[in-house]
Amino acid sequence: MWAPLDLYVVGSSLFISVSLTFAAVIFFFTFYSFSEEKEEQPARRMSQSPVKHEHANTMGIGKAIAVLTSGGDAQGMNAAVRAVVRVGIYTGAKVFFVHEGYQGLVDGGDNIREATWESVSMMLQLGGTVIGSARCKDFRSREGRLKAARNLVKRGITNLCVIGGDGSLTGADTFRAEWTSLLQDLVKTGGITAEEAKKSSHLNIVGLVGSIDNDFCGTDMTIGTDSALHRIMEIVDAITTTAQSHQRTFVLEVMGRHCGYLALVTALASGADWVFIPESPPEDEWENHLCRRLTETRNRGSRLNIIIVAEGAIDKHGKPISSEDIKNLVVKRLAYDTRVTILGHVQRGGTPSAFDRVLGSRMGVEAVMALLEGTPDTPACVISLSGNQAVRLPLMECVQVTKDVTTAMNEGRFDDALKLRGRSFQNNWDVYKILAHIRPPSAKSGYNLAVMNVGAPAAGMNAAVRSTVRIGLIHGHKMLAVHDGFEGLAEGKVEEIGWGGVGGWTGRGGSTLGTKRTLPKKYFEEISNTISSFNIHGLIIIGGFEAFTGSLELVEGRAKFEELCIPLCVIPATVSNNVPGSDFSIGADTALNTITSTCDRIKQSAAGTKRRVFIIETMGGYCGYLATMAGLSAGADAAYIYEDPFTIHDLEMNVEHLTEKMKTTVKRGLILRNEKCNENYTTDFIFNLYSEEGKGIFDTRKNVLGHMQQGGSPTPFDRNFGTKMGAKAVAWMSGKIKECSRHGRIFANSPDSACLLGMRRRALVFQPLADLNKQTDFEHRIPKSQWWLKLRPILKILAKYKIDLDTSETAHLEHITHKRVSGEGTL
């Protein structure tokens, strides 16, 4: 685990002692990969003692690292390159760019250049790969690899970080396996001297997976996938408006020749009518089923149909299913006005999302540590994500399992292919099938389930409500919508809501039901009357800290009001990400991306004017999540938060840091401040301090982002997260209502009948509200323990602060556990 940060001042500079475990919790990296149940241990640890470095800032002295990007580009690669360069330099190592991928490695010359700290500035927000990528036939031959080896040896490079897909990583492993024989041949031909060969006797290889398809087994998410989903959803949202205007059917083809991840998550996040993925082809006579499904949607009042197709879609017999085939079918059978849009390479372009920036940065840090700790006996490894942990897996084991998926599909073993993709992929598929292909039963359960929003609006709330309503209807319940929070519940603003009532809600921002911060305690009698008159048997509350505290009040009120003795479930939804019991809240990802994109524009302005520092205030109350994560994703120089106390000496140190920065080629600064980080050191105070101390050196500007952080369309993650949380909550509620039913009446008074559904590590878990009391700082409206605080040292490292980094507990090399067909193992 990550150890706590100890901050103290030594002279005029801040010294941060950090015991940093690189196998630590990195929850932010598991956006799309959470499981419905706790995962088994994904890997078997090899017997290898951790290497302890007393001073990480000297562990790279005398060593050289090269970094290259190969194969298809992916957003977030630049963040990884930036982290490799800066952390490598921090350790004392020389770091080299290899331009144009393996082709640059073979050609040498100016393609291999030493990197500096400033040379990776302003890379974070750029899509693609700044150092270039190319398909290289030369490297596939031994002659080409001989040239590449010579180019590395001549520069003293014995550590290579390769960022790419499975083909690129396989090439790196082959290169390492042949290294000794390549050096022998080069010595024989006079390409290098015996002394040079001795100094470069072994080559360390570490791979980072950059692929928008998320098709690499052994890791939960690959660099670029989240950004590709952002591009896709932007287009889906745009197409939806024109489709509604003309009552059209749109067939959208997304990338994924061998993996349907992009298509599947897009379908789940957009509420598509149908999705075609290679891992699970449709049953025979799917044409009839598809047409029936589209007709049902139109008959319920919808003015459009959306069909998502992965480019590698096939039927059960291996025959390709193209977008044109689907269009022709719909036009011929239904005579619907149908259009095809093939997204193509637009999915690879654009600015990387906040997730991909932090993922690339985090993986780049770990890659450097893995390289510098490598020995001749260490196999080539890939930096992978397993649940919340960064782990090192043998590269070729991951490549082999990835190939096994393709083999299973080629042999028609599609159930095996789904299992090999991992449990999270299968969970996404299961939730989509329920929402898209199962109709509400004619026989009703006899139970009434109400759903409401409480607190400030958050993007993704509507997706959660939509999922809750539709899954509830599928369970046979009568669904009731409560408007305007607890106040609306007290006033009887309750109405029945049907399947079509939540149509198109997935992509809407804010709260369509309406939400207020009012707490229920003063309305107990009125709320009890409403529950009784509408015969409500269960209540799902989607909201922020007020939803949590309000639900605690309802539980307290059970002692006096029997009507409140019904099952309660809270789903966290707030941009502040401050609800106890959950590592993440619906809406926080959208807010984070809004802040990040705004910071990009501000940095661009600062770069143009030169010598300018911007002070940016973010929301979050006392919770510093947004400021910290935005600092990582935007490349801030500092992020002030309540949880990490700071003094006037720290502010003075930051000013000195920026003063030194202005002497370099990077003449700009970005400072983030959480709105309630300190009651005395306000945004105006910090602005005035920087303005005064920076006179003659830099100008200072300030920007309060305000409520724009609560607005906008939800990101793919918030849509997907809200959808799955709603489905999970209804399943729990259905079971709990039956459990608490006695002689036709519901009486729920036990602690486990009022729960919060939260994401803990990689599992969605229900926790009694009473148990979360001790974990909460009610005065400051934050959990007492917050996982993301352990990421703050990375922000400091990448901002070039003096840090003593203890890497005595690094990620160990582990073996990937092959997924058995029976499903007993996990990836």
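Residues numbered from 1 in each chain as written. Predicted model: local features only at pLDDT ≥ 70, side-chain atom pairs only at ≥ 80, totals over all residues. Heavy atoms only, no water.

Asks: For this particular structure, what's the right way to read the packing of aromatic side chains?
Replies: Aromatic ring pairs are defined here through the distance separating the ring centres and the angle between the ring planes. In this structure the tally under the stated criterion is 22 aromatic pairs. Centre to centre, the rings of F584 and F717 are 4.9 Å apart; their planes meet at 70°, and the pair counts as edge-to-face. Placement of F584 in the loop between β19 (568-572) and α19 (588-609) and of F717 in helix α23 (residues 716-739) is noted, with a sequence separation of 133 residues between them. For F717, a relative accessible area of 0% translates into the label buried. One aromatic cluster is present, formed by F584, Y625, F717, F721, W787 and W788 through successive ring pairs. The side chain of R298 reaches across the aromatic face of Y336, ending 4.3 Å from its centre. (Phe/Tyr/Trp six-rings, centres within 6.5 Å; stacked < 30°, edge-to-face > 60°. Helix = DSSP H or I, 4+ residues; strand = E, 2+ residues; numbered from the N terminus. Buried < 20%, exposed > 50% of the residue type's maximum accessible area, 1.4 Å probe, protein only. Lys NZ or Arg CZ within 6 Å of the ring centre and 35° of its normal.)

Asks: Help me understand the pairing of strand β5 (residues 94-98) in this model?
Replies: Strand residues, when the strand is regular, have side chains that alternate between the two faces of the sheet. Most of β5 sits out of view: four of its five residues are buried. Two strands pair when backbone bridges link them, and strand β4 (residues 64-69) and β5 are joined in this way by five bridges, in the parallel orientation. The residue of β5 that forms the bridge with V67 is F97. Traced from β4 through helix α1 (residues 77-90) to β5, the parallel crossover comes out right-handed. One ladder, built from three bridges, connects β5 with strand β6 (residues 112-114); its direction is antiparallel. Across the sheet, the residue bridging to F97 is R113, located in β6. (Pairing = 2+ DSSP bridges. Right-handed = clockwise from strand over helix to strand, strands pointing away.)

Asks: How should the pattern of salt bridges be read in this particular structure?
Replies: When charged atoms on two side chains of opposite charge get close, those side chains can pair. Counted under the stated rule, the structure contains 35 salt bridges. Taking the shortest distance from any N to any O, the salt bridge between R719 and D237 comes out at 2.6 Å. A residue pair is termed long-range when its members are at least 10 positions apart, and R719 in helix α23 and D237 in helix α7 (residues 225-246) qualify at 482 residues. You can call R719 buried: its relative accessible area is 2%. By relative accessible area, D237 is classed as partly exposed at 26%. Measuring nitrogen to oxygen at the nearest pair gives 3.4 Å for the salt bridge that ties K736 to E739. (Salt bridge = Lys/Arg side-chain N within 4 Å of Asp/Glu carboxyl O.)

Asks: How should I be thinking about helix α3 (residues 142-154) in this particular structure?
Replies: Residues three or four positions apart in an α-helix share a direction because the helix packs 3.6 residues into each turn. Helix length check: α3, at 13 residues, gives a terminal C-alpha distance of 18 Å against a target of 18 Å (1.5 Å per residue), a fit within 8%. Along α3, the positions that sit buried rather than exposed are G144, R145, A148, A149, N151, L152 and V153. Where α3 is buried, its residues touch β4, α2 (101-107), β6, α4 (166-177), α5 (179-189) and α6 (194-199). Just downstream of α3 lies G156, where phi reads positive at about 70°. (Expected span 1.5 Å × (residues − 1). Contact = heavy atoms within 4.5 Å.)

Asks: I keep staring at the nonpolar core and nothing clicks. Help me out?
Replies: The tendency in soluble globular proteins is for nonpolar side chains to be buried as a group. Judged by nonpolar contacts, the single largest core of 186 residues is most densely connected at F276, I307, I540, Y625 and Y690. In terms of residue count, the dominant contributor to this core is helix α11 (residues 354-373) (twelve residues). Once residues lying within four places of it in the same chain are set aside, the contact partners of I540 are L449, A450, V451, M452, T468, C569, I571, A729, V730 and M733. V106, L160, A172 and V209 belong to the second largest nonpolar core, which has 38 residues in total. (Core = buried A, V, L, I, M, F, W, Y, C linked by side-chain atoms within 4.5 Å.)

Asks: How should I be thinking about the environment of E411 in this particular structure?
Replies: Structurally, E411 is set in the loop between α12 (395-410) and α13 (414-421). Judged by its relative accessible area of 53%, E411 is exposed. In this structure, the C-alpha to C-alpha distance between E411 and H317, residues 94 residues apart in sequence, is 9.7 Å.

Asks: In this structure, what is going on with helix α17 (residues 524-533)? I would like to understand it.
Replies: Within the span of α17, buried status applies to F524, I527, S528, T530 and I531. Mapping the buried residues of α17 onto a view down its axis gives an arc of 160°, with all of them on the same face. Away from the buried face of α17 by more than 90 degrees, exposed residues E525 and S533 are located. Along its buried surface, α17 packs onto α16 (485-490), β17 (494-496) and α18 (545-557). Just past α17, the residue N535 takes up positive phi, approximately 55°. (Arc of directions from axis to C-beta.)

Asks: Before we go on, may I ask you to explain the sheet that holds strand β23 (residues 699-704) in this structure?
Replies: By way of backbone hydrogen bonds, the strands of a sheet pair with one another, either parallel or antiparallel. If you trace the four strands from one edge of the open sheet to the other, you get β21-β22-β20-β23, paired in parallel fashion. Taken across any chain shown, the strands that pair with only one partner, and hence form the sheet edges, are β21 (638-640) and β23. Mean inter-strand twist for the sheet, computed between neighbouring axes without regard to direction, equals 20°. One ladder, built from seven bridges, connects strand β20 (residues 612-618) with strand β22 (residues 668-674); its direction is parallel. Its bridge partner being in β22, F614 is matched across the sheet by L670. Packing against the sheet, helix α20 (residues 625-634) makes contact with β20, β21 and β22, and its axis sits at approximately 160° to β22. (Axes fitted to C-alpha atoms, helices over the stretch in contact; angles between N-to-C directions.)

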